[in-house]
Amino acid sequence: MGKKSGSFEVQQFGDNKSSRKGQDAVLVGAITKDQTEEAINEYLDELAFLASTAGLQIIKRFTQRQQNSHPGTFLGKGKLEEIADYNKSRNISLIIFDDELSGTQLNNIQNICNCEV
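Residues numbered from 1 in each chain as written. Predicted model: local features only at pLDDT ≥ 70, side-chain atom pairs only at ≥ 80, totals over all residues. Heavy atoms only, no water.

**Notes on the packing of helix α3 (residues 77-90) against helix α4 (residues 103-113)**
Applicable threshold: Lines are fitted to the C-alpha atoms to define the axes, a helix being fitted only along its stretch in contact, and any angle between axes, read from their N-to-C directions, falls within 0 to 180 degrees. Under the DSSP-based scheme used, a helix requires at least four consecutive residues in state H or I and a strand at least two consecutive residues in state E, with every element numbered from the N terminus. Roughly parallel means an angle under 35 degrees; roughly antiparallel means over 145; roughly perpendicular covers 65 to 115; every other angle is labelled oblique. In a left-handed crossing the near helix is turned counterclockwise from the far helix by less than a right angle, and in a right-handed crossing that turn is clockwise. Note on contacts: a residue pair qualifies if any of its non-hydrogen atoms lie within 4.5 Å across the two residues. Note on residue classes: Ala, Val, Leu, Ile, Met, Phe, Trp, Tyr, Cys and Pro are nonpolar, Asp, Glu, Lys and Arg are charged, and everything else, Gly too, is polar.
One can describe the packing of α3 onto α4 by two numbers: an axis separation of 9 Å at closest approach and a directional angle of 50°. One element, α3, and the other, α4, form an angle in the oblique class. Relative to α4, α3 is oriented so that their crossing is right-handed. Residues Leu80, Ile83 and Ala84 of α3 pack against Ile109, Ile112 and Cys113 of α4. Grouping the amino acids of the contact of α3 with α4 by side-chain chemistry returns six nonpolar, no polar and no charged.

**Things to note about the sheet that holds strand β3 (residues 24-31)**
Keep this limit in mind: DSSP bridges decide pairing: two strands pair if at least two such bridges lie between them.
The strand order across the open sheet built from three strands is β4-β3-β5, with neighbouring strands paired in parallel fashion. Across the chains shown, the open sheet's two edge strands, defined by having one partner strand only, are β4 (57-65) and β5 (95-97). Across the sheet, the mean angle separating the axes of adjacent strands is 25° when strand polarity is ignored. With three bridges connecting them, β3 and β5 associate as parallel partners.

**Focus: the pairing of β4**
Side-chain direction in a regular strand flips from residue to residue, so the side chains alternate between the two faces of the sheet. In plain terms, the rule: Whether a crossover is right-handed comes down to one check: with the strands pointing away from the viewer, does the path from the first strand over the helix to the second run clockwise; if it does, it is right-handed.
In terms of strand pairing, β3 meets β4 through eight bridges, oriented parallel. Bridge pairing in β4 links Gly29 to Thr63. One crossover worth recording links β3 to the parallel β4 by way of helix α2 (residues 37-53), and it is right-handed.

**Re the nonpolar core**
Going by this rule: Note on terminology: a nonpolar core comprises buried Ala, Val, Leu, Ile, Met, Phe, Trp, Tyr and Cys residues joined through side-chain atoms within 4.5 Å. Each residue gets one of three labels from its accessible area relative to the maximum for its type: buried under 20%, exposed over 50%, partly exposed in between, using a 1.4 Å probe on protein chains only.
Core analysis: the largest hydrophobic core is formed by 17 residues, its most contacted members being Ile83, Ile95, Phe97, Ile109 and Cys113. Broken down by secondary-structure element, the contributors of at least two residues to this core are β3, α3, β5 and α4. Leaving out residues up to four positions away in the same chain, Ile109 has contacts with Thr73, Phe74, Leu80, Ile95, Phe97, Leu101, Asn114 and Val117. Ile31, Ile40, Ala51 and Leu56 belong to the second-largest nonpolar core, a separate cluster that totals eleven residues.

**A look at the side chain of Gln105**
This is how the line gets drawn: In the analysis that follows, any N or O atom pair within 3.5 Å is treated as a polar contact, provided that within protein one partner can donate a hydrogen and the other can accept it, and provided that, for residues neighboring in sequence, both atoms belong to side chains.
With respect to the helices and strands, the residue Gln105 is situated in helix α4. Assessed through its relative accessible area of 6%, Gln105 is described here as buried. Looking at Gln105, its side chain comes within polar contact range of the main-chain nitrogen of Ser102, at 2.9 Å. Once residues lying within four places of it in the same chain are set aside, the contact partners of Gln105 are Ser69, His70, Pro71, Gly72, Thr73, Phe74 and Glu100.

What follows is the structure, given as structure tokens:
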């Protein structure tokens, strides 16, 4: 179980590090009107480093340019389907987002992609 930090729960990879070691994952980031593609790539670089220190292997990065996040799924339907298809074809069971997700978004993404988020 994660720890509460402010108003959201922080998942600690260290709690399950032995079961995650070597697990394949993909990273996902959104390029918003307030961010550049260069900035999101820097954030994803940092996230990839943190994931690798937790024993994860980052296989691919997905980004989507958007004005606003989708209230139910964060990303658009097409991008989520692309991620789900990619993960299924490569047996990837973990998606790491570079943004905080609502409970609804988290549940919907897990159901669509059939992966842990």
